[in-house]
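# Fold and contact review
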Amino acid sequence: MNLHGKSASHGIVVGRVRLVQTTALLIDQSSVQNVDAEIARFRACIAKAKIGLEAVRDRALKNLGADKAAIFDAHLLILEDPELVDTTVEIVGSRKLNALAAFDEVARQAAAMFEAMDNEYMRERAADVRDVADRVLRQLAGVAVTDLSEIQDEVVLVCRDLAPSETAAMNPQKILGILTDLGGKTSHTAIVARTLEIPAVLGLRRITEVVTNGDWIAFDGETGEVVVNPDDATRAVFLEKQKIEKREKLELMTLVGQSNTSADGRVTQIVANIGSPEDLPGVRKYDAAGVGLYRTEFLFMDRTEAPSEEEQFQAYKAVLEGLAPLPVTIRTLDVGGDKPLAYLDIGHEDNPFLGYRAIRYCLEHPEILRTQFRAMLRASAFGNLRIMFPMIASLEELLAAKEHLEAVRKELVASGVKIADHVPVGVMIEIPSAAIISDILAQHCEFLSIGTNDLIQYTVAVDRLNERVQNLYDPFHPAVLRLMRTVIENAHKFGRKTSVCGEMGGSEAHLPLLLGMGLDEFSMAPTSILRSRRQLSGWTMKEAEALRDEVMKQSRSADIESILMQAEARKRNDLKGRPST
Ligand code: PEP
Ligand code: MG
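All residue numbers here refer to positions counted from 1 along the written sequence of the relevant chain. To read the labels, note that chains go from A and ligands from 1, taken in the order they are written. For this predicted model, a pLDDT threshold of at least 70 governs which residues receive local features, and a threshold of 80 or more governs which side-chain atom pairs are given and counted, while totals over whole chains, interfaces and linings are taken from all residues. Neither water nor hydrogens contribute to the side-chain values; these are computed over all heavy atoms in the structure.

## A few points about the packing of helix H9 (residues 232-253) against helix H21 (residues 529-537)
Note the following rule: Every angle, taken between N-to-C directions, lies between 0 and 180 degrees, and every axis is a line fitted to C-alpha atoms, over only the stretch in contact when it is a helix. Helical segments are the DSSP runs of H or I of at least four residues, strand segments are the runs of E of at least two, and each set is numbered from the N terminus. The cut-offs work like this: below 35 degrees is roughly parallel, past 145 is roughly antiparallel, 65 to 115 is roughly perpendicular, and the gaps in between are oblique. Here a residue-residue contact requires only that any non-hydrogen atoms of the pair lie within 4.5 Å. Residue polarity follows a fixed list, in which Ala, Val, Leu, Ile, Met, Phe, Trp, Tyr, Cys and Pro are nonpolar, Asp, Glu, Lys and Arg are charged, and the others, Gly among them, are polar.
Orientation of H9 relative to H21, taken along the N-to-C sense of each, is 70°, at an axis distance of 9 Å. Judged on the interaxial angle alone, H21 and H9 are roughly perpendicular. Taking contact as the criterion, the partners of Glu248, Glu251, Leu252 and Met253 in H9 are, on H21, Leu530, Arg531 and Arg534. Split by residue class, the contact of H9 with H21 holds three nonpolar, no polar and four charged.

Rendered as structure tokens:
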């Protein structure tokens, strides 16, 4: 049987299923005689759940780092939420309902409220509420919480939805892969799986219904393809792919320490996209030449208020100091769109991607922007900082953001705080208007970084998260490529360097085209760096420019895609196995 889900973490896996079914709790609706005793029991169970959760948080801190462990601080806050606790106490008191049934009712309502939201990120927070609630319900019912740390054989974990606390508890050495019914690319399971380099396919809808413990399963974390009980021939195909993947990984590791140069010696930067200081080991392991995009919004998520200046300073300093003297490009807060933060009070928007997001929000809340600038500039004394602004649509926005930065810089200097002498400032080109006026923007900033994830969605008017129109979300669309060429040419006219930090930056198929356009820097997930380094090493500028000319002559994206895919595959085959020098 074949299933198809959402690619969440790359890698080929063939293994035995460990089906983790959280046994459904029986919730009886009986009433209680002694209301006070029942409320006391409920409070005691909350306290026990808290102790359990604190243990999970501490384990996560050890295995996954402070950033991921913060999820559980957010869970601890859910446990204290008066909406949940007080409402339950009230129901037990007024209706004499037992605490298990009362809490179940209240928690379900809270989860349903999140689930009804039309934003994917908020919908996924329902899983957090369910996770916390399950912990308390199990305490109330006297049933053990699923403990994945007990898994001792190497297995493929299959479950309906993996709660963040379960993901954090598992032993990454024993989990070959993860498959779930629910969840998507931005769910915690996906983020943690990528951090731990465990292949995962999520959102398979009914995988838990079609497999049983001990079944064989083969899957590809990149394509989302899953085969249950594969026949011998299919199994052999996956095992062969896995063998190739392993060999390739080893081969790629031999490129660590080499430079990022084309076949004829053009030096291009290949840098990393990160979301927190916890990503530094990957940045080092895959030998990035710095960080091209530090998405600071992760520091602001899964919590009830914005991080303080000091907390931000510590995070930025850890990255800058950890990578010095390599450049680290920190992006100011990119909230809104698919990343709303409840405590920032952005409110409901019919079109959040066209709404109150990123620099638009920050310019109206300068205290947030200025706090971030203070933290960044203080951290600049410890490394090589560059700052960039997301979602710039006009020159006015860039100038306004720069004014705030300058004001903060002056304040810090006046109060004797040590900061770097010079911090280059750049803009992200994510909106067609910014691409079209990139010559103007280039005269007021020091570098440009093309955010293709958004640039594509705004150029072809396709919501990047709307599954119904994903076939129209087209990274090969000639309009997108023309805009990108315009940006690079405009930047160069004014002596500015250009980077690509959207997903396209790590696309091997696009690499020679962008090289031919003269792109200066490719920024990508750390795990893609060595592949791009290898691809880069196979192209001369003359070849890349010829490919660019051929591509830019095309009218249809399908033709562009096929030209680029074939060129990349040809080059990859030539390069494979070529001894590294
Ligand atoms: C982009 O839009 O390409 C980008 C890098 O930003 P994000 O994916 O964080 O929106
Ligand atoms: Mg973006």
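## So, the pattern of salt bridges
Filter applied, for reference: What makes a salt bridge here is a side-chain nitrogen of Lys or Arg within 4 Å of a carboxyl oxygen of Asp or Glu, nothing more. Classification of residues uses two cut-offs on accessible area relative to the type maximum, computed with a 1.4 Å probe and protein chains only: under 20% is buried, over 50% is exposed, and between them is partly exposed.
Scanning all chains against the criterion turns up 35 salt bridges. Of the charged contacts in the structure, one is a salt bridge between Arg18 and Asp153, with a shortest N-O distance of 3.3 Å. Here Asp153 lies in the loop between helix H5 (120-141) and strand S4 (155-159) and Arg18 lies in strand S3 (residues 12-20), a separation of 135 residues in the sequence. For Glu406, the salt bridge goes to Arg409, with nearest N and O atoms at 2.8 Å. Note that Glu406 and Arg409 are positioned in helix H15 (residues 395-414) at a spacing of three residues, about one turn of the helix. Judged by its relative accessible area of 32%, Arg409 falls in the partly exposed class. Each of Glu297, Arg331, Asp334, Arg357, Asp454 and Arg464 takes part in a single network of salt bridges with overlapping partners.

## Comments concerning the packing of aromatic side chains
Test applied: Only the six-membered ring of Trp is used, alongside the rings of Phe and Tyr, when aromatic pairs are assigned; centres must lie within 6.5 Å, and planes under 30 degrees apart are stacked while those over 60 apart are edge-to-face, with the rest tilted. Note on geometry: a ring has a charge over it if NZ (lysine) or CZ (arginine) is within 6 Å of the ring centre and within 35 degrees of the ring normal.
Scanning the entire structure with this criterion turns up five aromatic pairs. Geometrically, the ring pair formed by Phe313 and Phe382 is edge-to-face, given 6.1 Å between the ring centres and 65° between the ring planes. Here Phe313, found in helix H12 (residues 309-323), pairs with Phe382, found in the loop between helix H14 (366-380) and strand S12 (384-389); they are 69 residues apart in sequence, far enough to count as distant. Look at Phe382 and you get partly exposed, because its relative accessible area is 31%. Taking 5.2 Å as the distance between ring centres and 65° as the angle between the ring planes, the aromatic pair formed by Tyr356 and Tyr361 counts as edge-to-face. In this structure, Arg378 is placed above the aromatic ring of Phe313, and the distance from its NZ or CZ to the ring centre is 4.0 Å. Taking the ring centre of Phe447 as reference, the NZ or CZ of Arg386 above it sits at 4.0 Å.

## A closer look at the side chain of Ser380
As a reminder of what qualifies: Polar contacts, as used here, are pairs of N or O atoms within 3.5 Å; protein pairs need one atom able to donate a hydrogen and one able to accept it. Residues neighboring in sequence count only if both atoms are side-chain atoms.
Tracing the sequence through the fold places Ser380 in helix H14. Judged by its relative accessible area of 1%, Ser380 falls in the buried class. A polar contact of 2.5 Å, which involves the side chain of Ser380, links it to the backbone oxygen of Leu377. The contacts of Ser380, once residues within four sequence positions are left out, are Leu320, Leu385, Ile419, Ala420 and Val423.

## A word on the coordination of the magnesium ion (ligand 2)
Convention followed: Listed donor atoms are N, O and S within 2.8 Å of the metal (Na, K and Ca: 3.2 Å). As water is not included, a site may look incomplete.
The magnesium ion (ligand 2) binds to the protein through Glu430 (OE) and Asp454 (OD); the donor distances cover 2.0 Å. Of this pair, Glu430 sits in the loop between strand S13 (425-429) and helix H16 (432-436) while Asp454 sits in helix H18 (residues 452-459); the two residues are 24 residues apart in sequence, bridging distant segments of the chain. Each member of the pair Glu430 and Asp454 is classed as buried.

## Quick notes on the pairing of strand S16 (residues 521-524)
Put simply, the rule reads: Paired strands, as defined in this entry, are two strands with at least two bridges between them according to DSSP. Orient the strands so they point away from the viewer, and a crossover whose first-strand-to-second-strand path over the helix runs clockwise is right-handed.
Every second residue of S16 is oriented toward a common face, with Glu521 and Ser523 on one face and Phe522 and Met524 on the other, all of them buried. In terms of strand pairing, strand S15 (residues 497-500) meets S16 through two bridges, oriented parallel. Looking at S16, one finds that Ser499 is bridged to Glu521. As for the winding sense of the linkage, the β-α-β connection from S15 through helix H20 (residues 511-516) to S16 is right-handed.

## Topic: the sheet that holds strand S9 (residues 269-274)
With respect to topology, eight strands assemble into a closed barrel ordered S9-S10-S11-S12-S13-S14-S15-S16, the strand pairing being parallel. Averaged over neighbouring strand pairs, the angle between their axes works out to 25° when direction is ignored. The pairing of strand S11 (residues 327-331) with S12 spans five bridges and is parallel. Counterpart to Pro327 in the pairing with S12 is Asn384. Of the strands in this sheet, S9, strand S10 (291-295), S11 and S12 are in contact with H12, which crosses S11 at around 160°.

## Observations regarding the sheet that holds strand S5 (residues 175-180)
Taken in spatial order, the eight strands of this open sheet run S1-S8-S7-S3-S4-S5-S6-S2, and their pairing is mixed. Since the sheet does not close on itself, it has two edges, and those belong to strand S1 (2-4) and strand S2 (6-9), each with one partner. Direction aside, neighbouring strands of the sheet carry axes that sit 30° apart on average. In the packing of H9 onto the sheet, the strands contacted are S3, strand S7 (216-220) and strand S8 (225-228), and the crossing angle to S3 comes to about 115°.

## As for helix H23 (residues 557-575)
The following threshold applies: Given the number of residues in a helix, its expected span is that number minus one, multiplied by 1.5 Å. The arc refers to the directions leading from the helix axis to the C-beta atoms.
A rise of 1.5 Å per residue sets the reference length of H23, with its 19 residues, at 27 Å; its end C-alpha atoms lie 27 Å apart and thus fit the reference within 8%. Buried residues of H23: Ser557, Ile560, Ile563, Leu564, Ala567, Glu568, Lys571 and Leu575, and no others. Looking straight down H23, one finds that the buried residues subtend no more than 130° of arc, so they occupy a single side. Within H23, the exposed residues directed more than 90 degrees away from the buried face are Arg570 and Asn573.

Just geometry here; none of it tells us what the structure is for.
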